[in-house]
Amino acid sequence: MKFTLPWLREHLETEAGLEEIVDRLTMLGLEVEAVETRGADLSPFKVALVTEVRRHPDAERLSLCRVDTGGELAEVVCGAPNVHAGMKAVFAPVGVVIPASGEALRRARIRGVDSNGMLCSASELLLGEDRDGIIELPVDAPVGRPASEVIRLEGPVIEVAITANRGDCFGVLGIARELAAAGLGRLKHRDFRPVPGEFEAGLAITLDFPPGAEAACPLFVGRVFRGLRNGPSPAWLQARLTAIGLRPISTLVDITNLVTFDLGRPLHVFDAGRVRGDLSLRFARPGEALAALDGKTYRLDPDMTVIADASGAISLGGIMGGESTGCTAETTEVVLEVALFDPLRTASTGRRLGIESDARTRFERGVDPGMVLPGMEYATRLIQGLCGGSAGRPIVAGSVPPARPPFRFRMQQLERLSGIALHGAVIEQHMRSLGFGAEWVEDGVLQLWPPSWRHDVTMEADVVEELVRLHGYDRVPPMPVRRTEAIGHPALSPEQRQRASVRRALAARGLAEAVTWSFVEPELARRFGGQGIRLRNPINAELSVLRPSLLPHLLSAAARNQSRGQANAGLFEVGPRFFGAEPGEQEVVAAGIRVGQNHGRHWAEPPRPVDVFDARADALALLASCKLNADAVRVIADGPGHYHPGRRGRLMLGPQTILAEFGELHPAIARDLDITGRAVGFEVFLDRLPRPKAKPGRSRTPLKASPFPPVDRDFALVVAAEVAAESLLSAIRGADKSLIREVTLFDVYEGQGVGDGMKSLAVAVRLQAQDHTLTEAEIEAAAKRIVAAAAKATGATLRS
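Since this is a predicted model, take the numbers as computed values, not measurements.

Before going further, it helps to examine the overall build of the chain. Within the chain, the regular secondary structure consists of 18 helices and 43 strands. Expected size for 800 residues packed as a compact globule is a radius of gyration near 28 Å; at 37 Å, the chain overshoots this value by more than 25%. Along the first, second and third principal axes, the C-alpha set of the chain runs to 115 × 85 × 55 Å. Put simply, the chain has 800 residues, and 48% of those count as buried. Counting only carbon and sulfur atoms, one obtains 51% of the accessible surface of the chain, whose full area is about 39,800 Å².

So, in structure tokens, the structure goes:
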């Protein structure tokens, strides 16, 4: 939202300067993103009188101009079609930096003729978009004086970031209302008195919606004007619109843009001479299309609100007008439209058609229903004042929606939620300054009636936010975050602590956190095991289904990094994946990928491509950060189809629970995603982990390092080739839990001496007692138990 300081002062009587206004806006929650001081670069440019214009001898479209710059004459070659003798223009002498190009102007020879300077257009001075003609200054402009003294630029320009809930601040009036409530001045009031109609227009307007859909457009007010003059708007209006980045078009259109930004009240004007019959508000018909003012034709859906005449749709309600009834320089009769449109329907329509407009921005955030008729009267005065003509009587279809009911605010909520306490009279004063009706109904209980422009304040927490804003965020006392509230709940839930631990663990392993969309394209969802859960109102066709996995967007991000020269990437994300369309059919997942090589060039170790074991190590480290005992986790060689068939695995808890999946990305998917080199990934399903305890229980005494020496024994066990090594290791760990400390696989052999279809797994086992040195008999007994357990679980035999 952009506006200028002079514009703001038309609504706010204040002695505050620019810096104080900017600071106060930010403290009110309306963050000021930029302040542009316009015109500071025009002082080197001079007011010049064009004394003579003659044709260039070698170029038909160029002119030779003699220019008086204040006692000095200069010869200038000019290509502007509007240059003529006797006009006053903006002259740039040699050496001046042209704002549009950022380059210093040099003396030039153009088609054999020297040009000693330049006559400037609005685009060259960044004052507008007109680049064909030069700026023509008023006849009384003093020759030789700086152009900045003559060109009165509207400024400075303030740009404010408005959050989606503050639709009331998408107009200068709303900004001024906030500052006045904060004590920075007194709010002025526009003249909203009714303008008497001079004739009956003979135009009917109807709201033609099916029962139950009246909210699509509950109120539409039209007014017919006759005998208008529609040409370029006056200089002050053009300057104001240009300052905030709008292109002046014509007086009628510029008036609607002015009111949109001034009051936050979008308007539209139809050329009445091009309207066919009466107007109706209805839903679009099947197959109906609209040629809009942006030069595009849109196919409309049956749930989109349109304004129509006998020829069909002529405007898309709340978004954009149609080309067939647009105003031109010849327009002398118009229909002014001021209406209310449903925010959700407007947002949905705009997204589906891909239309961004100032009207849509305001309607989808909610406009003030109480400003429909006042906005009509204010626009009427502007039209008659700038275009002349006569106004008909307003044509009203529908009615203003009923005011929202009041609600109660308990004073103690302020201190409970914000940590500050205000006197009841101060609370009442603050709320009244914001436009709320207020009445004490009980001791410490205030009944509030929200104003029509504040649809976002509906409960006590909203009121607390308003009071803190006006009191000042900088005046809220700092307080430590308590571990527990009065009712005993921890400040952070076990799940929140777990998520934080997961993020720290993955970041410690060198992965960078990413935040990606929860939507993917349908084909990508299918390849990652998705059911195609479609969104009703997708952002675009490529993000139209809920993601079944976090990996697609992480891999796409890695591919973009590779295309920009970052060959090796490591990313992770913690977020939901979706496996159904109903509430609760989702789970929180921690996913990560590695692409390329495990590290860059290094003197101590050569780089190698990432592999499936890197992904497994990441997943196991994540589980360890969640305090899960590694001995309880079993690895199986299986996994979903988006991984390489022979390089994938699952981490299991018990026979059924899949804690994680990992593997090397399938080569076909890697190729389709334009990934160079090898890519591996993992997904840990956090909601399936054993739930962390909300309160710490009795701490278990950790196993102390034994002072007695360990004993290492190696076993070469022959098993069938299809037996997973993890099954053998798991069986050995359970053979004697009191003595076995570590079990490690250190060799695999297949070939001569072990038989066809068999393999030899070499396992190192460390034995150690806590309270004594192991005897040879104990070691031999443990070895027998190990061999017996391996034989029972996997059919293993000692290799001879």
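Next comes the rest of the description.
What holds strands together in a sheet is hydrogen bonding between their backbones, with the strands either parallel or antiparallel. The antiparallel open sheet is built from three strands, whose spatial order is S1-S14-S3. The strands lining the two open edges of the sheet, one partner per strand, are strand S1 (2–4) and strand S3 (31–36). Between one strand and the next, the sheet's axes are offset by a mean angle of 25°, whatever the strand orientation. Pairing geometry for S3 and strand S14 (residues 157–161), over five bridges, is antiparallel. Following the sheet pairing, Glu36 is matched in S14 by Val157. Lying on the sheet, helix H2 (residues 18–27) is in contact with S1, S3 and S14; it crosses S3 at an angle near 155°.

Quick look at helix H8 (residues 372–387) now. Given a rise of 1.5 Å per residue, 16 residues ought to cover 22 Å, and the 22 Å separating the end C-alpha atoms of H8 matches this to within 8%. Of the positions making up H8, those classed as buried are Val372, Pro374, Gly375, Met376, Glu377, Tyr378, Ala379, Thr380, Leu382, Ile383 and Cys387. Contact partners of the buried residues in H8: strand S17 (219–226), helix H5 (251–263), strand S25 (334–340) and strand S26 (390–391). A positive backbone phi angle near 70° is found at Gly388, which sits one or two residues after H8.

Counted according to the given criterion, the structure contains four aromatic pairs. A ring pair is formed by Phe192 and Tyr378, whose centres lie 6.2 Å apart and whose planes are at 90°; its orientation type is edge-to-face. Taken as a pair, Phe192 in the loop between strand S15 (186–187) and strand S16 (205–207) and Tyr378 in helix H8 lie far apart in primary sequence, 186 residues in all. Judged by its relative accessible area of 10%, Tyr378 falls in the buried class. When the centroid spacing of 5.1 Å and the interplanar angle of 65° are considered together, the rings of Phe209 and Phe283 count as edge-to-face. Of this pair, Phe209 sits in the loop between S16 and S17 while Phe283 sits in strand S19 (residues 279–283); the two residues are 74 residues apart in sequence, bridging distant segments of the chain. Judged by relative accessible area, Phe209 falls into the buried class, the value being 12%. Judged by its relative accessible area of 16%, Phe283 is buried. Directly above the ring of Trp453 sits Arg177, whose terminal nitrogen or CZ lies 3.8 Å from the centroid. Seen from the ring of Phe261, Arg362 lies directly overhead, with NZ or CZ sitting 4.4 Å from the centre.

Attention shifts here to unusual backbone geometry. Phi is positive for Lys627, which is not a glycine, with a value near 65°. Note that Lys627 resides in the loop between helix H15 (612–625) and strand S36 (633–636). Looking at Lys627, the relative accessible area reads 75%, which means it is exposed. Notably, Asp674 is not glycine yet its phi reads approximately 60°, a positive angle. In this structure, Asp674 sits in the loop between helix H16 (667–672) and strand S39 (679–685).

Moving on, we come to the environment of Pro451. Tracing the chain through its elements places Pro451 in the loop between strand S30 (445–449) and helix H11 (460–471). The spatial distance from the C-alpha of Pro451 to the C-alpha of Phe436 is 5.4 Å, given a sequence separation of 15 residues. Setting aside residues no more than four positions away along its own chain, Pro451 makes contact with Arg404, Leu434, Gly435 and Phe436.

Looking now at the packing of H5 against H8. One can describe the packing of H5 onto H8 by two numbers: an axis separation of 10 Å at closest approach and a directional angle of 145°. In the crossing of H5 with H8, the sense of the turn from one axis to the other is right-handed. Residues Thr251, Leu252, Ile255, Leu258, Val259, Asp262 and Leu263 of H5 touch H8, and the partners they reach there are Gly375, Tyr378, Ala379, Leu382, Ile383, Leu386 and Cys387. Residues that form the contact of H5 with H8 fall into these classes: 11 nonpolar, two polar and one charged.

So, how was this worked out
Residues numbered from 1 in each chain as written. Predicted model: local features only at pLDDT ≥ 70, side-chain atom pairs only at ≥ 80, totals over all residues. Heavy atoms only, no water. Helix = DSSP H or I, 4+ residues; strand = E, 2+ residues; numbered from the N terminus. Rg over C-alpha atoms; globule rule 2.2 N^0.38 Å. Buried < 20%, exposed > 50% of the residue type's maximum accessible area, 1.4 Å probe, protein only. Areas by Shrake-Rupley, 256 points an atom, 1.4 Å probe, with all protein chains shown as cover. Pairing = 2+ DSSP bridges. Axes fitted to C-alpha atoms, helices over the stretch in contact; angles between N-to-C directions. Contact = heavy atoms within 4.5 Å. Expected span 1.5 Å × (residues − 1). Phe/Tyr/Trp six-rings, centres within 6.5 Å; stacked < 30°, edge-to-face > 60°. Lys NZ or Arg CZ within 6 Å of the ring centre and 35° of its normal. Left-handed = near helix turned anticlockwise from the far one by under 90°. Nonpolar A, V, L, I, M, F, W, Y, C, P; charged D, E, K, R; others polar.

Note that every value here comes from positions in space, so none of it alone points to a role or purpose.
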